[in-house]
Amino acid sequence: MNSQIIRIGLIVITILAVSVVVATNPVAAQSGELTVDKSVSVSQGEEQTIAVTYDGDVEPAGFEYELTYDPNIITVTNHQNGDYFDADISPTINDGSINYFSTGSADGTSGTVSLITITPARGANVGATTALSFNDDGTSGSYDDGQVGSIALATTDGTVQV
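One structure accompanies this document, and this report is about it. (Residues numbered from 1 in each chain as written. Predicted model: local features only at pLDDT ≥ 70, side-chain atom pairs only at ≥ 80, totals over all residues. Heavy atoms only, no water.)

## Remarks on the nonpolar core
Formed by 33 residues in total, the largest nonpolar core has its most connected members in Val52, Tyr65 and Val113. Of all elements in the fold, only β1 (30-36), β3 (48-56), β4 (60-68), β5 (74-81), β8 (97-103), β10 (110-120) and β11 (129-134) reach the threshold of two or more residues within this core. (Core = buried A, V, L, I, M, F, W, Y, C linked by side-chain atoms within 4.5 Å. Buried < 20%, exposed > 50% of the residue type's maximum accessible area, 1.4 Å probe, protein only. Helix = DSSP H or I, 4+ residues; strand = E, 2+ residues; numbered from the N terminus.)

As structure tokens, then:
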């Protein structure tokens, strides 16, 4: 009788120990990088399209980002989805920032997230530059490969010269 109780106790302890190990085993961290074209030039009277791209180790299910720029140097005239997400977006273009949010299915682990069309701002001096900077507090990514999780995103900013 005592050996049966001991055997049952050992089985219960083993099951509990395995459960604790499985429950505390973290899901592997997923990472990726959002990049805006690094160096772009645009002349007065012209427009230029700038790409925001993603490269990572997981297909994202959505992105949110905010890009800031100097509205005295450039004007954002359009912002649209790239060829990467199968979803519609409606970005908010403010005076000095763009807010982007999209969910949907992505095609692979890298691609063009969005395209931003710019022109020089009225009165911008030739040679003037502005950074296109990701606001890291407003930038995030998520994935859903059977388990929903967030993507640790690195960002690479760019510059525009008039």
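The rest of the description comes next.
## A few points about the packing of aromatic side chains
Under the criterion given, the structure shown has four aromatic pairs. Relative to Phe63, the ring of Tyr54 lies with its centre 5.0 Å away and its plane at 55°, an arrangement referred to as tilted. Here the two residues Tyr54 and Phe63 agree in accessibility, since each one is buried. With 4.7 Å between their ring centres and 15° between their planes, Tyr65 and Tyr100 make a pair best called stacked. Linking Tyr65 in strand β4 with Tyr100 in strand β8, this pair joins segments that are 35 residues apart in sequence. One exposure class covers both Tyr65 and Tyr100, and it is buried. (Phe/Tyr/Trp six-rings, centres within 6.5 Å; stacked < 30°, edge-to-face > 60°.)

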